[in-house]
Amino acid sequence: MPQFGGAVIAPSPCADYMRAMSSVRPWRDIERRQSRQIMVGNVPVGGGAPITVQTMTNTPTEDVGATIDQIRRCEDVGADIIRVSCPTAEATENFDQITRAANVPIVADIHFHYKRALEAADKGAACLRINPGNIGSSDRVAEVVRAAKANGCAIRIGVNAGSLEKDLLEKYGEPCPEALIESALDHIKLLQDHDFHEFKVAVKASDVFLAVAAYHGLAETVDCPLHLGITEAGGLIGGTVKSSIGMGSLLWAGIGDTIRVSLSAEPEQEVKVGFEMLKALGLRTRGVRVVSCPSCSRQGFDVIRTVEALEARLEHIKTPMSLSVLGCVVNGPGEARETDIGITGGGNGKHMVYLSGLTDHHVQSEDMLDHVVKLVEEKAAAIEAGTATAFDPHAEAAE
Ligand code: SF4
């Protein structure tokens with residue numbers, strides 16, 4: 001087996017993973033890197049499992065009620081795994097109340113205090129985010145590994161360009177892909193030396209180029225699942241763009257088993273952005289995929305306000321389906337042909353409604369919002385009941 005930075009590494013998983021391009025539209029295919037699967041609680045990560053979306057609470061963990069409320073809001077928008085930091089003994093004291101109340105696995109975020117890891121593992125954490133090289137001694141690593149094994153916890157190694165080990169900074173002169181990868185491999189080796197293999201790894205940086213290069217290098221070197229993130233990406237708009245470029249390019253290259261979008265915004269927003277990223281690449285589906293135009297003077301109704309209102313009113317829909325909202329006939333009919341429900345602006349406040357790609361009936365401006373919401377809710381209910389399927393405009397071609 002190849003060696004890198006002292007760690008024993010499994011053969012590159014990418015080499016023998018290229019399956020035949022059999023889809024009707026091969027330009028849509030993403031060949032995912034084949035990784036080893038681990039379990040984070042009851043959620044599989046890696047090994048072809050759906051790419052999971054994570055976020056992290058920002059309430060004081062000591063405030064159990066506020067933390068559970070925030071977890072619930074994140075669950076409602078689709079978070080698969082939620083991380084909660086454990087900086088103090090007070091934070092882990094009632095951690096079991098949080099892990100019991102959560103409907104998704106909880107990752108305990110630990111930095112230097114390995115005792116917090118032991119406590120969190122005992123109190124129901126499904127995963128510990130801890131870098132074994134940072135906790136002081138081999139004995140302590142052994143203790144953490146023992147606690148993780150005893151409680152069925154996974155471990156997430158989280159290398160961050162902003163907190164690279166001093167010796168690596170001296171060796172490489174600055175945070176660079178090789179330094180991030182070597183740091184990850186050093187941490188990995190510590191876990192492997194203690195016969196622990198239920199780990200996933202992140203090599204995050206706020207610099208998109210650095211993070212992407214580090215993940216590519218790591219993906220070729222290890223077979224464990226990878227947790228993607230562009231760390232400290234920024235606010236809602238800037239951070240979303242940056243994350244989408246960095247994580248989007250990695251996901252498109254087939255790299256990444258679980259993702260966290262790091263935004264200076266509420267955790268629910270991180271989850272929504274994460275899902276939109278996966279939806280855009282066809283890697284996950286959830287809720288209503290909205291196709292809408294930017295609007296222009298041809299619009300037959302106020303597209304921007306309509307889409308804002310529809311997104312808010314349809315947030316509760318979890319069933320994957322599609323809706324097109326176009327201001328006029330220039331592009332409206334073409335987009336509507338591809339969606340479950342379509343609306344295209346017409347003259348005199350009268351707009352065309354499409355169902356499963358076909359023209360169906362008209363609706364007046366004043367009734368439009370309620371009408372579209374009702375159509376979407378009915379279609380979602382029918383899909384859930386098994387009496388309808390989400391519209392697939394390419395189904396015939398695929399047969
Ligand atoms: S679909 Fe019509 S209203 Fe919307 S941007 Fe295009 S031309 Fe303008």
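Residues numbered from 1 in each chain as written. Predicted model: local features only at pLDDT ≥ 70, side-chain atom pairs only at ≥ 80, totals over all residues.

Caption draft 1: Just the site of the ligand, in detail. Around the ligand, the surrounding shell consists of Cys-293, Pro-294, Ser-295, Cys-296, Arg-298, Gln-299, Leu-326, Gly-327, Cys-328, Val-330, Asn-331 and Gly-332. A class-by-class count of the residues in the shell around the ligand yields six nonpolar, five polar and one charged. (Near = placed C-beta within 6 Å. Nonpolar A, V, L, I, M, F, W, Y, C, P; charged D, E, K, R; others polar.)

Caption draft 2: Expanded view of the domain arrangement of the protein chain. When the domains of the protein chain are assigned, the result is domain 1 (3-280) and domain 2 (288-398). If you average the C-alpha positions of domain 1 and of domain 2, the two centres end up 37 Å apart. (Domains from an automatic or database assignment.)

Caption draft 3: Just the pairing of strand 16 (residues 350-355), in detail. Sheet topology places strand 15 (residues 341-344) next to strand 16; four bridges connect them, and they run antiparallel. Looking at strand 16, one finds that Thr-344 is bridged to Met-352. Counting the residues between successive antiparallel strands, the hairpin from strand 15 to strand 16 contains five residues, one of them, Asn-348, with a positive phi of roughly 55°. When strand 16 meets strand 17 (residues 358-364), the two strands line up antiparallel, connected through six bridges. Bridge assignment links Leu-355 to a residue of strand 17, and that residue is Leu-358. (Pairing = 2+ DSSP bridges. Helix = DSSP H or I, 4+ residues; strand = E, 2+ residues; numbered from the N terminus.)

Caption draft 4: Highlighting the sheet that holds strand 9 (residues 154-160). If you walk across this open sheet you meet the eight strands as 10-9-8-7-6-5-12-11, and the pairing is parallel. Of all the strands in the sheet, just strand 10 (199-204) and strand 11 (227-228) have a single pairing partner and so form its edges. Across four bridges, strand 6 (residues 81-85) lies against strand 7 (residues 106-109) in parallel orientation. The partner of Arg-83 across the bridge, within strand 7, is Val-107.

Caption draft 5: Main features of the sheet that holds strand 17. Read across the sheet, five strands follow the order 13-14-15-16-17 without closing on themselves; strand pairing throughout is mixed. Whereas interior strands pair on both sides, the edge strands pair on one side only; in this sheet they are strand 13 (288-292) and strand 17. Taken over all neighbouring pairs, the strand axes of this sheet differ in orientation by 20° on average, direction set aside. Against the sheet, helix 11 (residues 303-313) engages strand 13 and strand 14 (321-326), with an angle of about 180° to strand 13. (Axes fitted to C-alpha atoms, helices over the stretch in contact; angles between N-to-C directions. Contact = placed C-beta atoms within 7 Å.)

Caption draft 6: Inspection of the packing of helix 1 (residues 64-76) against helix 10 (residues 267-280) at higher detail. Look at helix 1 against helix 10: their axes get within 9 Å of each other, and the N-to-C directions meet at 20°. In terms of axis orientation, helix 1 runs roughly parallel to helix 10. Pair helix 1 / helix 10 crosses with right-handed handedness. Between helix 1 and helix 10, the contacting residues are Gln-70, Arg-73 and Cys-74 on the first element and Pro-267, Glu-268 and Val-271 on the second. The class makeup of the residues in the contact of helix 1 with helix 10 is three nonpolar, one polar and two charged. (Parallel < 35°, antiparallel > 145°, perpendicular 65-115°, else oblique. Left-handed = near helix turned anticlockwise from the far one by under 90°.)

Caption draft 7: Here's a closer look at unusual backbone geometry. The backbone of Asp-195 shows a phi angle near 55°, a positive value even though the residue is not glycine. With respect to the helices, strands and loops of the structure, Asp-195 is situated in the loop between helix 7 (177-193) and strand 10. Of note in this structure, Ser-356 is not a glycine but carries a positive phi near 45°. Mapping Ser-356 onto the fold places it in the loop between strand 16 and strand 17.

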